[in-house]
Amino acid sequence: MTVQVSHTVHAVFVRLSPGDALIDALVARLRDGAVATGALRGHGVLEHVELRTYSPTTRTLGPARAIAGAVHALMVEGTIGLSEGAPHLVLRAVLSREMDAGVETLSGIVVGARVVAFEAVVTSAQDLALPLAHDARAGLMMIGAPSGGAPAAAPLPMQPMREESPRPPAASGAWADVVATSAAQGALKGAAPAAMPARPPPKPVTHDEGELLLPEAGDEVQHFAFGKCEVLKSDGDRLHLRVGKDARIREIALEMLKVTQLDDDPNVRPRHFKLDRKL
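All of the points below concern the structure found in this document.

Definitions and cut-offs
- Residues numbered from 1 in each chain as written.
- Predicted model: local features only at pLDDT ≥ 70, side-chain atom pairs only at ≥ 80, totals over all residues.
- Heavy atoms only, no water.
- Helix = DSSP H or I, 4+ residues; strand = E, 2+ residues; numbered from the N terminus.
- Contact = heavy atoms within 4.5 Å.
- Areas by Shrake-Rupley, 256 points an atom, 1.4 Å probe, with all protein chains shown as cover.
- Core = buried A, V, L, I, M, F, W, Y, C linked by side-chain atoms within 4.5 Å.
- Buried < 20%, exposed > 50% of the residue type's maximum accessible area, 1.4 Å probe, protein only.
- Pairing = 2+ DSSP bridges.
- Axes fitted to C-alpha atoms, helices over the stretch in contact; angles between N-to-C directions.
- Lys, Arg positive; Asp, Glu negative; His and termini not counted.
- Salt bridge = Lys/Arg side-chain N within 4 Å of Asp/Glu carboxyl O.
- Polar contact = N/O pair within 3.5 Å; in protein donor to acceptor, adjacent residues only side chain to side chain.

**Concerning the overall build of the protein**
So, step 1. Of regular secondary structure, the protein possesses 2 helices and 17 strands.
So, step 2. Put simply, 59% of the contacts in the protein that link residues at least 6 apart link residues at least 24 apart.
So, step 3. On the protein, roughly 15200 Å² of surface is accessible, and the fraction owed to carbon and sulfur atoms is 56%.

Structure, rendered in structure tokens:
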């Protein structure tokens, strides 16, 4: 059994526009809100719905079937996690419509739909970034590690970070200040601070166009999901970032990201980088 506890949760209220592609529009809102892990609950009216349902024979989801016309989405629930370094959403729905023979109820995994009217509340775990992994025994996408095997590594394995109070941009020692503050709080409680594991020194990353140095403390990056961020610390394969729009601190791994330096002059400080998903 795996248990992950979030200590920083907030709600995001979403209203989609008529004609929106349901899943694409929701994923775009998740990116805008920097939601990596959470749950969604919504309702509305949808059309051109495609559903997949579970087959006990194959122990997986069957082929998609199209639902003609508009239907009332009585309940739409979703699980949000990371897949290929970006927010991914699995939607489950209970649908209803009036037919000549009476009320028909449909249910399944939503793989496509067009919005007539839709609203949702997203509960976001701001200090977690968990992967959505395929469970081979159940044939479903589920949060966390798959059953019967080794834990699946998140494509963008951000570790849970304690949220810090917003503060003005600091020099390269800002992350050391955070660690020192945490250690001081532990000492006040009578607990000895745990030794920090050594990280490897920053190392170059090689792309098709050649060798490129990693961002370092004091540099600025444009992250594909979080937007503009300040680099507080670089550990070679990880970056500690302060997200510009809400001052939250994030730790990200670079193994699944493409790093592009945006400066014409390589000696300029601070340097500017773009972080994209690797395709």
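**Overview of the nonpolar core**
So, step 1. Counting residues in hydrophobic clusters, the biggest one holds 28 residues, and the most contacted among them are Leu 22, Leu 26, Leu 46 and Phe 118.
So, step 2. Listing elements by their share of this core, those giving two or more residues are strand 1 (9-16), helix 1 (22-32), strand 2 (38-52), strand 5 (65-83), strand 6 (86-99) and strand 7 (102-125).
So, step 3. With 7 residues, strand 7 is the largest single contributor of residues to this core.
So, step 4. Apart from the residues lying within four places of it in its own chain, the contact partners of Leu 46 are Leu 22, Gly 69, Ala 70, Val 71, Ala 73, Ala 113, Arg 114, Val 115, Val 116 and Phe 118.
So, step 5. By size, the runner-up hydrophobic cluster in this structure holds 16 residues, among which are Ile 252, Leu 257, Phe 273 and Leu 275.

**Describing the pairing of strand 7**
So, step 1. With 8 bridges joining them, strand 1 and strand 7 adopt antiparallel strand pairing. Along strand 7, the bridge assignment pairs His 10 with Ser 124.
So, step 2. Pairing analysis gives 13 bridges linking strand 2 to strand 7, with the strands arranged antiparallel. Residue pairing for strand 7: Leu 40 is matched across the bridge by Val 122.
So, step 3. Bridging between strand 6 and strand 7 involves 9 bridges; their strand directions are antiparallel. If you follow Glu 98 over to strand 7, its bridge partner there is Val 103.
So, step 4. Here strand 6 folds back onto strand 7 in antiparallel fashion, the turn holding 2 residues.

**Points about the pairing of strand 17 (residues 272-277)**
So, step 1. Here strand 12 (residues 220-223) pairs with strand 17 via 4 bridges, running parallel. Bridge pairing in strand 17 links His 223 to Leu 275.

**Quick notes on the sheet that holds strand 14 (residues 238-243)**
So, step 1. Taken together, 6 strands build an open sheet; the order of strands is 15-14-13-12-17-16 and the sheet is mixed. Each having just a single partner strand, strand 15 (249-253) and strand 16 (257-261) make up the two edges of the open sheet. Ignoring which end each strand starts from, the neighbouring axes of this sheet average 35 degrees apart.

**Examining the side chain of Asp 263**
So, step 1. Mapping Asp 263 onto the fold places it in the loop between strand 16 and strand 17.
So, step 2. Although buried, Asp 263 forms no salt bridge, and the nearest oppositely charged side chain, Arg 271, lies 5.9 Å from it.
So, step 3. Reaching out from Asp 263, the side chain makes a polar contact with the backbone nitrogen of His 272 at a distance of 2.6 Å.
So, step 4. Each residue touching Asp 263, except ones within four places of it in the same chain, is listed here: Val 268, Arg 271 and His 272.

**Re the pattern of salt bridges**
So, step 1. All told, the structure shown has 10 salt bridges when counted by the stated rule.
So, step 2. Here Glu 216 makes a salt bridge to Arg 271, at a shortest N to O gap of 3.9 Å. Placement of the pair is Glu 216 in the loop between strand 11 (210-212) and strand 12 and Arg 271 in the loop between strand 16 and strand 17, with a sequence separation of 55 residues.
So, step 3. Of the residues examined, Arg 271 reaches a relative accessible area of 2% and is grouped as buried.

**Describing the side chain of Gln 126**
So, step 1. Along the chain, the position of Gln 126 falls in the loop between strand 7 and strand 8 (132-135).
So, step 2. Judged by relative accessible area, which is 6%, Gln 126 ranks as buried.
So, step 3. Among the polar contacts listed, one links the side chain of Gln 126 to the side chain of Ser 124, at a separation of 2.4 Å.
So, step 4. Once residues within four sequence positions are removed from consideration, Gln 126 is found in contact with Ser 6, Thr 8, His 10, Ala 34, Arg 248 and Arg 250.

**A few points about helix 1**
So, step 1. Of the positions making up helix 1, those classed as buried are Leu 22, Ala 25, Leu 26, Val 27 and Leu 30.
So, step 2. Of the residues flanking the end of helix 1, it is Ala 34, one or two places downstream, whose phi is positive at about 55 degrees.

**Remarks on unusual backbone geometry**
So, step 1. The omega angle of the peptide bond from Arg 269 to Pro 270 is -5 degrees, so this bond is cis rather than trans.
So, step 2. Here Ala 34, not a glycine, exhibits a phi torsion of approximately 55 degrees, which is positive.
So, step 3. Among the secondary structure elements, Ala 34 is positioned in the loop between helix 1 and strand 2.
So, step 4. The class for Ala 34 is buried, based on a relative accessible area of 6%.
So, step 5. A positive phi angle, near 55 degrees, is found at Arg 59, a position not held by glycine.
So, step 6. Within the element layout of this structure, Arg 59 appears in the loop between strand 3 (54-55) and strand 4 (60-61).

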